[in-house]
Amino acid sequence: MNPNLKPPKKHLLTVLVEDYFHVGAFENLIRKQNWSNFETRYEQNTHKALDLLDRYDKKATFFVLGWIAEQSPALVREIAARGHEVASRGFYHRPITQLTDEEIREDLKRSRGCLEDAAGTQIVGYRAAEKLSFDEDERILRILTEEGYVYDASFLPNRKNPRQRRFLHQHHFDGRAIHEFPYSTRNLGFGLLPISGGNYLRQIPYTVMRNAVRDWTARYDSPFVFYLHVWELDPEQPIISAASRYNRVRHYRKLDKMEWVLKENLELYNYTSVVDYLGIEPETVVSKNIAPVKAPIAKAADTAPDELVPVTIVIPCYNEAETIGYLVNTLRSVKAKLKGKGFDAEVVFVDDCSTDNTVEKLTELFGDEKDTRILRHEANKGVAGGIMTGIKAAKTEIVCSMDCDCTYDPHGLAEMIPLLREDVDMVTASPYHAEGEVRNVPGWRLSLSKGASFLYRSVLGSPLRTFTSCFRVYRKSSVAEIEIEETGFLGVAELLGRLDVSGGRIVEFPATLEVRLFGFSKMKTVRTIGGHLKLLAKLSKERLFRKNDVIGTSLKEKKIEAGDQGAGK
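Note that the structure is predicted; figures quoted are calculated from it, not measured.

Structural notes on the overall build of the protein chain
For the protein chain, the count of helices and strands is 19 helices and 20 strands. Counting the 569 residues in the protein chain, one finds 53% classified as buried. Contacts in the protein chain between residues at least 24 apart in sequence constitute 80% of all its contacts with a sequence separation of at least 6. Total accessible area on the protein chain is roughly 26,700 Å²; 50% of this is exposed by carbon and sulfur atoms.

Description of the packing of aromatic side chains
This structure, assessed with the given rule, holds 24 aromatic pairs. For the ring pair Tyr 20 and Phe 21, a centre distance of 5.2 Å and an interplane angle of 85° mean the geometry is edge-to-face. Among the residues examined, Tyr 20 registers a relative accessible area of 2% and is labelled buried. Geometrically, the ring pair formed by Phe 21 and Phe 38 is stacked, given 4.5 Å between the ring centres and 15° between the ring planes. Of this pair, Phe 21 sits in the loop between β1 (10–17) and α1 (42–56) while Phe 38 is found in the loop between β1 and α1, placing the two residues 17 residues apart along the sequence.

Topic: the side chain of Glu 514
Within the element layout of this structure, Glu 514 appears in strand β20 (residues 512–514). At 2.6 Å, the side chain of Glu 514 and the side chain of Arg 439 are in polar contact. Excluding residues that lie within four positions of it along the chain, Glu 514 makes contacts with Leu 29, Arg 31, Asn 34, Thr 407, Arg 439 and Val 441.

Comments concerning α1
Taking 1.5 Å per residue, 15 residues should reach 21 Å; α1 reaches 21 Å between its end C-alpha atoms and fits that length. Along α1, the residues classified as buried are Tyr 42, Asn 45, Thr 46, Ala 49, Leu 50, Leu 52 and Leu 53. In a view along the axis of α1, the buried residues occupy a sector of 160°, so they form one face of it. Tucked inside the fold, the buried residues of α1 contact β1, β2 (61–64), α2 (66–71), α3 (73–81) and α10 (258–268). Of the residues one or two after α1, Asp 57 is the one with positive phi, at around 55°.

Overview of the nonpolar core
Formed by 120 residues in total, the largest nonpolar core has its most connected members in Leu 13, Ile 240 and Ile 313. Counting residues per element, this core draws most heavily on helix α12 (residues 321–340), which supplies 7 residues. When neighbours within four sequence positions are excluded, Ile 313 is seen to be in contact with Val 334, Leu 338, Ala 345, Glu 346, Val 347, Val 348, Cys 400, Met 402 and Leu 413.

Some remarks on the packing of helix α4 (residues 101–119) against helix α5 (residues 138–146)
At their nearest, the axes of α4 and α5 sit 11 Å apart, and the two run at 45° to each other. The angle between α4 and α5 falls in the class oblique. Note on packing geometry: the crossing formed by α4 with α5 is right-handed. For the pair formed by α4 and α5, the contact residues are Asp 101, Ile 104, Arg 105 and Leu 108 on the first element and Arg 139, Ile 140, Ile 143, Leu 144 and Glu 146 on the second. Considering only residue class, the contact of α4 with α5 consists of 5 nonpolar, no polar and 4 charged.

Notes on a nonpolar patch on the surface
Among the surface-exposed residues, Phe 454, Leu 455 and Leu 533 lie close enough to one another that they form a single nonpolar patch of about 290 Å² accessible area. Its place among the elements puts Leu 455 in helix α16 (residues 443–460).

A word on the environment of Arg 82
Examined against the element boundaries, Arg 82 turns out to sit in the loop between α3 and β3 (85–88). The spatial distance from the C-alpha of Arg 82 to the C-alpha of Asp 54 is 8.4 Å, given a sequence separation of 28 residues. When neighbours within four sequence positions are excluded, Arg 82 is seen to be in contact with His 47, Leu 50, Asp 51, Asp 54 and Lys 59. Of the polar contacts made by the side chain of Arg 82, one reaches the side chain of Glu 78; its length is 2.7 Å.

So, the pattern of salt bridges
Under the defined criterion, the tally for this structure stands at 28 salt bridges. For Glu 259, the salt bridge identified is with Lys 48, shortest N-O distance 3.0 Å. With Glu 259 in helix α10 and Lys 48 in helix α1, this residue pair connects regions lying 211 residues apart in the sequence. According to the relative accessible area criterion, Lys 48 is partly exposed, its value standing at 28%. Measuring nitrogen to oxygen at the nearest pair gives 3.8 Å for the salt bridge that ties Glu 116 to Arg 112. Here the residue Glu 116 and the residue Arg 112 both occupy positions in helix α4, the gap between them amounting to 4 residues, near one helical turn. Residue Glu 116 shares its accessibility class with Arg 112, and that shared class is buried.

Observations regarding the sheet that holds strand β18 (residues 472–475)
Reading across from one edge, β14-β13-β12-β15-β18-β16-β19 is the order of the 7 strands in this open sheet, with mixed pairing throughout. Both edges of this open sheet fall to β14 (372–376) and β19 (506–510), since each of them pairs with a single strand only. Averaged over all pairs of adjacent strands, the angle between strand axes in this sheet comes to 25°, irrespective of strand direction. Set on the sheet, helix α14 (residues 383–393) makes contact with β12 (309–317), β13 (343–351), β14, β15 (398–401) and β18; between it and β12 the angle comes to about 155°.

Description of the confidence of the model for the protein chain
Within the protein chain, residue pLDDT values average 86, and 87% of them lie at 70 or more. In this model residues 289–304 is a low-confidence stretch, pLDDT under 50, and it forms 22 contacts with partners more than four residues away in sequence or in other chains. Across residues 547–569, where pLDDT falls below 50, the model places 0 contacts with residues more than four positions away in sequence or in other chains.

Structural notes on the pairing of β14
Across 5 bridges, the pairing between β13 and β14 is parallel. Directly across from Asp 351, in β14, lies its bridge partner Arg 376. Running through helix α13 (residues 358–366), the crossover from β13 to the neighbouring parallel element β14 is right-handed.

Digging into α13
Buried within α13 we find Thr 358, Val 359, Lys 361, Leu 362 and Phe 366. One side of α13 holds all its buried residues, which, seen down the axis, span an arc of 160°. On its buried face, α13 is in contact with β12, α12, β13 and β14.

The rules behind the values
- Each chain carries its own residue numbering, running from 1 in the direction its sequence is written.
- Per-residue local features are limited, in this predicted model, to residues with pLDDT of at least 70; the limit for side-chain atom pairs, both in listing and counting, is 80 or more; totals at the level of whole chains, interfaces and linings are taken over all residues.
- In computing side-chain values, all of the structure's heavy atoms are included and hydrogens and water are not.
- Under the DSSP-based scheme used, a helix requires at least four consecutive residues in state H or I and a strand at least two consecutive residues in state E, with every element numbered from the N terminus.
- Type-normalised accessible area, obtained with a 1.4 Å probe on protein chains alone, sets the label of each residue: buried when under 20%, exposed when over 50%, and partly exposed for intermediate values.
- Throughout, a residue-residue contact means that at least one pair of heavy atoms, one from each residue, lies within 4.5 Å.
- Residue-level accessible areas treat just the shown protein chains as cover; the underlying method is Shrake-Rupley with a 1.4 Å probe.
- Here is the rule: rings of Phe, Tyr and Trp (six-membered ring for Trp) pair when centre to centre is within 6.5 Å. Planes less than 30 degrees apart are stacked, more than 60 are edge-to-face, and the remainder are tilted.
- Pairs of N or O atoms are called polar contacts if they sit within 3.5 Å, as long as, within protein, a hydrogen donor faces a hydrogen acceptor (for residues adjacent in sequence, only side-chain-to-side-chain pairs).
- Multiplying 1.5 Å by the helix residue count minus one yields the expected span of that helix.
- The directions from the helix axis to the C-beta atoms are what the arc is built from.
- To qualify as a nonpolar core, a set must consist of buried Ala, Val, Leu, Ile, Met, Phe, Trp, Tyr and Cys residues joined through side-chain atoms within 4.5 Å.
- Lines fitted to the C-alpha atoms define the axes, with helices restricted to the stretch that makes contact. Angles between their N-to-C directions range from 0 to 180 degrees.
- Any angle between 65 and 115 degrees counts as roughly perpendicular, while under 35 counts as roughly parallel, over 145 as roughly antiparallel, and the rest as oblique.
- Less than a right angle of anticlockwise turn of the near helix away from the far helix marks a crossing as left-handed, whereas a clockwise turn marks it as right-handed.
- Residue polarity is assigned by list, with Asp, Glu, Lys and Arg as charged and Ala, Val, Leu, Ile, Met, Phe, Trp, Tyr, Cys and Pro as nonpolar; anything else, Gly included, falls into the polar class.
- The patch calculation keeps residues exceeding 30% relative accessible area without a salt bridge and links them within 9 Å when they carry like charges or within 5 Å when they are nonpolar (Val, Leu, Ile, Met, Phe, Trp, Tyr).
- Whenever Lys or Arg places a side-chain nitrogen within 4 Å of a carboxyl oxygen from Asp or Glu, that contact is recorded as a salt bridge.
- Strand pairing is assigned whenever DSSP detects at least two bridges linking the two strands.
- Note on scores: pLDDT gives the predictor's confidence for each residue, bounded by 0 and 100.
- Here is how to tell: hold the view so the strands point away, follow the path from the first strand over the helix to the second, and if it runs clockwise the crossover is right-handed.

Written out as C-alpha cells, the structure reads:
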C-alpha cells in the first residue's frame, strides 16, 4: 500500500428500525395500545437493509425501538450477529421533549434493557424519535450522560455557532463527556439545509443532495451522517388514508427512491457504525431471554371458564383488501379476550360482492381458521344487508356486528356482550354517550351522524344518543325476522329504529369512535342524507300507528274488563 495515500474517509450510516405506523406523521391517528393490531413489516424491511449492507460489505448503526426489541428479540440478535451496532431509539416512538426528566430516565432504562437482552451487547448510543435543539434540549444530553451513554445523534444544528454544532463534538457534564453526532447540514447562507437522508433526501432533488455529500466529503474531516428508516425501503407498505394530505406526502412520496440512493452511497463512500468510528468495543451482555418473546394475548384464555358461551361476530366487507391485514392480529386478540370473559367466538365474514381482492385476502389469512366462515353475496346489498345475512347465518343466539375498518375497538365486545341480559334485545356502541369519545373523525361526517341521531331521537321519542353505529350486540331471535327496506348504511339505523318501534329494549355502551385508517368510506353523503329523511318519515308513521293500535287495544281491554265486572254484579 502506498504510504502517501490517505485511508478512505469514514462516514456514518445509521438505520432507524421502526414500522410505518410508528412514525410521528401518524401519531395523532394511531395510539400505541393499537400497535400490536397492525400487520408488521419492520422485520422484512430490516432484512432488506441487512442484505444490502452485506452486498456492499458495509457496517452501520441500527437505532432500534425498545418495543421492537421486546416483540422481536431474534431480529435484534441478528443485527448484532451480522456485525452491526445496535443502539437505542427509545422504547416508544414518542417526543422525548414532552417527558419529564424521570420519565426520560425510565424510558432509557426500559429500552436499553430490552435491547441489551436481545443483542447481547452493551448499548452506548441513542437517537431520539424527534430532532432536538441545542438551544432548548440540553437537559436531555445531561440525562444521557448521567445514564452512561457514550454518544447521541439526535440534534439538528442551527445557525448559531454553525461550525461548532454541525460537526462531531463533545459535551461535558460534571466531569463526564458525551459525543454528539448532529444531523449533517449544508449552509445556504440564510439557513442550514439538512442533507443527512430520510425525508429530506426523498423530497429534495437528488442532484442537490449528491453534490452536497460530495462537497462534504471533500471539505470536512468530520464524518457525514447518513440515515434512513427501514420503512423507506418498502414502497408497497399500506396507505394510512386518514392522514392529512401533507403527512401523506411527507411519508409516502418517493419511497421508491431510497433503495437506489442507498446503493449509490454504499458504492461511493466508506460507511461504518458509530462505535467503529469512535474505536469503541461495547461490552458483552449475557442475554436473559434466548427464545423470542411472544405476545401475551394468548394467556387470556388460560383463565377462561370450563363452559364458554358461544357468540358470533359478523363482519361485512366490501372492497376492504387494505384493511384485512389489520384484522388478523386484532381478531386474534379479541377472541382471546372474549375467552377470558367466558365467550367462545366464531367469526362470519360477509363479502358484499367486492370488486378488489378482498375475498382472496380473506381466504389467504382466515381460510384455514376453524372458527371462521366466509360468506359471499352474489349481488351488492350494502352494509346492513351484510349484517342481516350474518345474523341469519349465525348458529348462536348472541350475535355481534363490527366494521371491517375497526373504527370502534372490537375489544369492547367483552364489555358489551354481558349487557345483553334476558330483557335486552340489542346493545349498541355510542360515541355520543356522556362517557363516549370521538377521535380524529372529519367534521362533516361527525355533523351528519350527530344530526341524524338527533332526528331519530326526536322522531322515535327515544333517549338513545347514537343510531348509526354498526358496532352492536344482538339477540338473534329479536332481530333476525325484522324486514328492513334499506340494506346500505341507512339500514343500520332502520334496523335499530324498527326494533325500537316494535318495543324492543336497546342499551347503549359508551365507546370511542376513531377515524378510518385504511381505505375510504363507501357512503354517498348526499344520497345518505336524503335517505335518512325518508326513513325518518316512515318510522314516524309506524310509531304513530303503533301508538294508536296500543291505545285502541288498551281501550278494548278496559271495556271488556268493565263488561265482565258488570256481569258479575
